[in-house]
Structure formats: C-alpha cells, structure tokens
Amino acid sequence: MNRLRIYEIQPAYIDYLSEFTPHLFHNKKAGQNNERKYIGIVLQINGHNYFAPLSSFKEKHKKMKDSLDFIKIKTFAVINLNNMFPVPDSQVINFDIKTVKNPKYKALLQREYRYIVMLEETIIESAEKLYNHKIANNKTSLSKRCNDFLLLEKKADEFTK
C-alpha cells in the first residue's frame, strides 16, 4: 500500500507559516491573477506531518543531480525536501487528481504520482536523513538551505491551539 499521496494545504496556513520562513510563498500575491496551489506529499517525521511541495520542472533542473534535499520526478516535477514544512492535520486537504478538469494538467499529475510511488522509499528515507542532518548540523551549506524545522514545528503546534 502506498503511504504517499498528493495533498493541498489550506491557504490560511501558508499565509501564517510564511512569516517564519523565506522558502514559503503566499498562495496569491496582490495583483497576481493565478493562485499558486501548494500540491505535494505528506510524510511523517518526528511525530509531525511534513508537507513536501512539488515544484514545476525547469530547464535548470536538467543539469542537477538528485541529492538528499532534491529529488527529480523524471522531467515532470521536483521535490525540494529542504522546503518541507510541518502541517497540522486540519490544514491538509486531500487532492483527488480525478477532479482536475484540465486534461493536460491531469495527465501530468497522474504521471508525477506514478513516479512518486516508485520513489516512495527513497523520498521517505531522504526526508528523514535531511531532517536529522538539519537538527544536528545547523551550519553546513545543506542545513542553511533548509527550513528551520524545529521553529516551524513549534509554530505548527501554536497554530492548532
């Protein structure tokens, strides 16, 4: 059974959490026509749900290699695990690919998900290793690219109170 599924995150939670980390962007900025949806996967780390957002595959990603904090989903998308953040259950929205109306986008999401399932163990192991590295080594270049996981866990807990 697949442990990873695709989810969205409530926009109000993104707005709240974005105050505490530079790697998080608001869903919609003033004057912006389209809303940026946070679609990604949820992992269990240190007793918290962690949301790892999917990002569009860009030209620069062709030259990049998979690493502890960066996983390519073929040429469809990437997961930047360094940008993962804790999220309370109440802020997670199930995302049903079947409901997507745009056939091209729906097909893309289906391809992404099939590949995510294939990489499930690698994604989970990398996320856990990255989390532990960040907690133990706050001064490395890898750690500096990461969100402050402990701070965000505290803020996630405060959000639910």
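So, a few notes on the structure that sits alongside this text.

The rules behind each value
- Residues numbered from 1 in each chain as written.
- Predicted model: local features only at pLDDT ≥ 70, side-chain atom pairs only at ≥ 80, totals over all residues.
- Heavy atoms only, no water.
- Core = buried A, V, L, I, M, F, W, Y, C linked by side-chain atoms within 4.5 Å.
- Buried < 20%, exposed > 50% of the residue type's maximum accessible area, 1.4 Å probe, protein only.
- Helix = DSSP H or I, 4+ residues; strand = E, 2+ residues; numbered from the N terminus.
- Arc of directions from axis to C-beta.
- Contact = heavy atoms within 4.5 Å.
- Phe/Tyr/Trp six-rings, centres within 6.5 Å; stacked < 30°, edge-to-face > 60°.
- Salt bridge = Lys/Arg side-chain N within 4 Å of Asp/Glu carboxyl O.
- Polar contact = N/O pair within 3.5 Å; in protein donor to acceptor, adjacent residues only side chain to side chain.

### Some remarks on the nonpolar core
The nonpolar side chains of a soluble globular protein tend to be buried with one another. Ile41, Leu43, Ile73, Ile79, Leu81, Met84 and Ile123 are the most contacted members of the largest nonpolar core, which totals 29 residues. Of all the elements in the fold, those that place two or more residues in this core are strand S2 (39-45), strand S3 (48-56), strand S4 (70-73), strand S5 (77-80), helix H2 (103-118) and helix H3 (120-136). Ranked by residues supplied to this core, first place goes to H3 with five residues. By size, the runner-up hydrophobic cluster in this structure holds 14 residues, among which are Tyr7, Ile9, Leu17 and Leu24.

### Digging into helix H5 (residues 149-159)
Residues of H5 that are buried include every one of Phe149, Leu152, Glu153, Lys155 and Ala156, and no others. What you see down the axis of H5 is that its buried residues fit within an arc of 165°, all on one side. The elements touched by buried residues of H5 are helix H1 (11-17), S3, strand S6 (85-86) and H3.

### Quick word on the environment of Glu112
Mapped onto the elements of the fold, Glu112 is located in helix H2. Here the alpha-carbon distance between Glu112 and Ile6, two residues 106 residues apart in the chain, equals 9.8 Å. Sequence-distant contacts of Glu112, that is, excluding residues within four places in its chain, are made with Leu54, Ile73, Phe76 and Ala77.

### Some remarks on the packing of aromatic side chains
This structure, assessed with the given rule, holds nine aromatic pairs. Relative to Tyr16, the ring of Tyr13 lies with its centre 6.1 Å away and its plane at 35°, an arrangement referred to as tilted. Residue Tyr13 and its partner Tyr16 are both found in helix H1; the two are separated by three residues, about one turn of the helix. Here the two residues Tyr13 and Tyr16 agree in accessibility, since each one is buried. Pairing Tyr13 with Phe159 gives two aromatic rings, centres 5.0 Å apart and planes at 75°, and the pair type is edge-to-face. Taken together, the residues Tyr13 in helix H1 and Phe159 in helix H5 connect sequence positions 146 residues apart. Judged by relative accessible area, Tyr13 falls into the buried class, the value being 0%. On the basis of relative accessibility, which here comes to 27%, the residue Phe159 falls in the partly exposed class. Among the aromatic residues, those joined into a cluster by ring pairs are Tyr13, Tyr16, Phe20, Phe51, Phe85 and Phe159.

### A short note on the pattern of salt bridges
All told, the structure shown has three salt bridges when counted by the stated rule. Of the charged contacts in the structure, one is a salt bridge between Glu59 and Lys62, with a shortest N-O distance of 3.3 Å. According to the relative accessible area criterion, Glu59 is exposed, its value standing at 58%. For Glu158, the salt bridge identified is with Lys155, shortest N-O distance 3.4 Å. Of the two residues, Glu158 and Lys155 are both situated in helix H5; the distance of three residues between them amounts to about one turn of the helix. Classification of Lys155 as buried rests on a relative accessible area of 15%.

### What about the side chain of Thr21?
Its location among the elements puts Thr21 in the loop between H1 and S2. Given a relative accessible area of 6%, Thr21 falls into the buried group. At 2.5 Å, the side chain of Thr21 and the side chain of Asn147 are in polar contact. The contacts of Thr21, once residues within four sequence positions are left out, are Asn147 and Leu152.

Purely geometric numbers; function is a separate question.
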